[in-house]
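# Secondary and tertiary structure notes
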Amino acid sequence: VIPGSPDSPGEADLLARYLIGRAAPAEVADRYARACRVILADDAGAEERAIVAFSLRHPWALGALDGACALVRPGALLRRRILIMAAVLETTPMGAALFLPRARSTLGVVWTVVRVGVTAVFHAAIGLPLLALAQRGRS
Amino acid sequence: MTDVIVVGSGASAAHAAWPLVHAGVMVRMLDVGNTDRVYAPLIPDRSFTQIRGTDPEQHRYFLGDQFEGIPFGQVRVGAQLTPPRSFITRGTQELTPMDAPAFSGMESLALGGLAAGWGAGVARFNDQDLASTPLKAKDLEPHYRAVEERIGVCGEDDDLSPELGVHEPMMPALRPDTAAAAILARYRRRRTGLMGEGFRLGLARLAACSRPHRERGPHPYHDLDFWADQRRAVYRPRWTLDELGARPNVEYLASRLVLSFREKPGGVEIAALNLESGQKETHEARALVLAAGVMGTARIVLRSRGLYDHPLPLAANPYCYAPCLNLGMLGREPIESCHSLSQLTATVTPRHGDRPAFVSVYSYRSLLTFKLLKDAPLGARAGLQMFRALLPMMNILGIHHADAPTPAKSITLCRGGTGPDRLAVRYSLGEEQTAAMQRAEFAVLRGFRALGCYCVSRIRPGHGSSIHYAGTLPMSRTPGDLQTDRDGRLAGQESVVIADGSLLPDLPAKGLTLTLMANADRIGTRLAERLL
């Protein structure tokens, strides 16, 4: 197990907590690691691995790094790992309800859009310099 | 020797075989016939939301055992193919490879062909749509009726009827979901003005059973149509093949890849590869019906004639999709039980004399939310919150445009060296056609804005992604080389008949599958008359 590998302890937990606010059960962690091995080529560059390793060392930075990657590096390894975890979580009875569309009042929709928009701007503002720092770091 | 060999098992093959078999002709069908034996048995006969909350095995069919349902990385499938539908393209890269860097061509070696994943939208062609063929709509009329009864069509006689025809018999339309009902209600209030601008809207006409029909259906409204063929409610060619299989004069041979044919006195000899034994084998018949799909039929004809590096014309409906926010859904609760096929259909005839555009309106839920996160310029968590709130209001417009062959659109068979022959596809659009498409899309989006649907982006998934192909061996009143007569007979060949989309010289924007089936039924009927 090496840092920045999907088998590294805590990575599945970290991503699950980030996405749905709960730890990943063992079967989800196992499926996530298997999916990463099947889907992702083992040829990610040093910068990509450094970003993943940085987010593992600094879990508080994950949301900001993900938001920044969505803007400027949509194919980043970190983002792919997060999306794979999203796919794995969405297809479990535990996670499904947290991914299904949810009807809201008009005010609820407007509030969600505004809140998410403000959060996204905040994350991007913090995430872009963090990303520059993370990709120069060690993996 | 049998009477007729039919190549393929898709929409055209099944309906070309039907009149032959029912006329008493001995028919042998040669087909690769891939099926899904892995995922289909896993999917419970319950609704999408029930499954999501209870089935611990759902990841197997939603993501696939090799995670082929996660659409990025090294594992590639067609964007429209879910893991339970991935059998539709299985084996094509190895057996029927294509060199098409600018064309997302799709072929099928599946039982039921590409129609095994058909969206089931039906439309009749009118005289204008058939103007480039030697046919009139009245020539197809009895065959449309025969096929519509066979496959089961549901819909309403509404504003779309002048454009799409009236299907007979027609079951009541499938119940629209809340978002579609909101759009339709607005349209009914504004229809006079919109129709004056060439915009017509109605419930989708679908090859699906809203009530029991031929031991199929009714549709269970489980919102799983992209994943399973529950209760056989949505038409697939294999339902017709199952019915044909009960007759004594039809023989279906799977695991056969037809390579070429050679005419000889009194009939035709067909060379096929038996994929189980790996051996080549020969079949003989009085007549051959080629219905292997546009690409597959072109391969067989060109290889049989030794015409390598010889371009054939090609048409393929240009396609784009446009996610829209449907403000009519603000604050409204979506209904749980719904179908995932096209909810509504619109036809839009722009000014400037451009050809009409054809629009299918979908709601988005059962294709899973994580697939949307990939393309959002938001972190995944923020994207998830946003999509959960907005998905009940999201409609996807699938916009199809007409197409005709030009020198910039062609397919060519190239020798494969030690491997199988490869099909090279060239396809690009001219400036004039691109401008006409833009005008049509503006007219479409203007019409939907008037109905409270605001487009958030337009996505072009690439040439060929409509999976509607035609024009390679076109019907002509005076057929030349590599063309066919009005009965599908290949010029210069006595015993070889084409019965698939290859015959249509060009494509209107509306879906072609119903017309392919009706024309195949017509060609099978003519051939039976000739043979008996």
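Residues numbered from 1 in each chain as written. Chains lettered and ligands numbered in written order. Predicted model: local features only at pLDDT ≥ 70, side-chain atom pairs only at ≥ 80, totals over all residues. Heavy atoms only, no water.

Taken together, the contacts link 43 residues of chain A with 46 residues of chain B. Our count for the chain A to chain B interface comes out at zero salt bridges. For the interface between chain A and chain B, the tally reads 14 residue pairs in polar contact (both at pLDDT 80 or more). Taken together, the residues of the side of chain A that touches chain B break down into 27 nonpolar, six polar and 10 charged. (Contact = heavy atoms within 4.5 Å. Salt bridge = Lys/Arg side-chain N within 4 Å of Asp/Glu carboxyl O. Polar contact = N/O pair within 3.5 Å; in protein donor to acceptor, adjacent residues only side chain to side chain. Nonpolar A, V, L, I, M, F, W, Y, C, P; charged D, E, K, R; others polar.)

Time to look at the packing of aromatic side chains. In this description, an aromatic ring pair is defined by two values, namely the gap between the centres and the angle between the planes. All names here are of chain B. Counting across every chain of the model gives nine aromatic pairs over all chains. Note on Y61 and F62: the rings are 5.0 Å apart at their centroids and 55° apart in plane angle, and the pair reads as tilted. Taken individually, Y61 and F62 each receive the classification buried, so the pair is uniform in this respect. A centroid spacing of 5.2 Å and a plane angle of 75° characterise the contact between F199 and F448, whose relative ring orientation is edge-to-face. With F199 in strand β4 (residues 199-203) and F448 in helix α12 (residues 431-450), the pair connects residues that are 249 residues apart, well separated along the chain. Just as F199 is buried, F448 falls in that class too. Across the ring face of Y221, the terminal group of R175 is positioned such that the distance to the ring centre comes to 4.0 Å. When the ring centre of Y308 is taken as reference, the NZ or CZ atom of R415 above it lies at 3.9 Å. (Phe/Tyr/Trp six-rings, centres within 6.5 Å; stacked < 30°, edge-to-face > 60°. Buried < 20%, exposed > 50% of the residue type's maximum accessible area, 1.4 Å probe, protein only. Helix = DSSP H or I, 4+ residues; strand = E, 2+ residues; numbered from the N terminus. Lys NZ or Arg CZ within 6 Å of the ring centre and 35° of its normal.)

This part is about the sheet that holds strand β12 (residues 344-348) of chain B. Two strands in a sheet stick together by hydrogen bonds in their backbones, pointing the same way (parallel) or opposite ways (antiparallel). Residues and elements named next belong to chain B. What the six strands build is an open sheet, ordered β4-β12-β13-β14-β11-β17; its pairing is antiparallel. Pairing within the sheet leaves two strands with one partner each, and these edge strands are β4 and β17 (453-455). The average undirected angle you get between the axes of adjacent strands in this sheet is 30°. (Pairing = 2+ DSSP bridges. Axes fitted to C-alpha atoms, helices over the stretch in contact; angles between N-to-C directions.)

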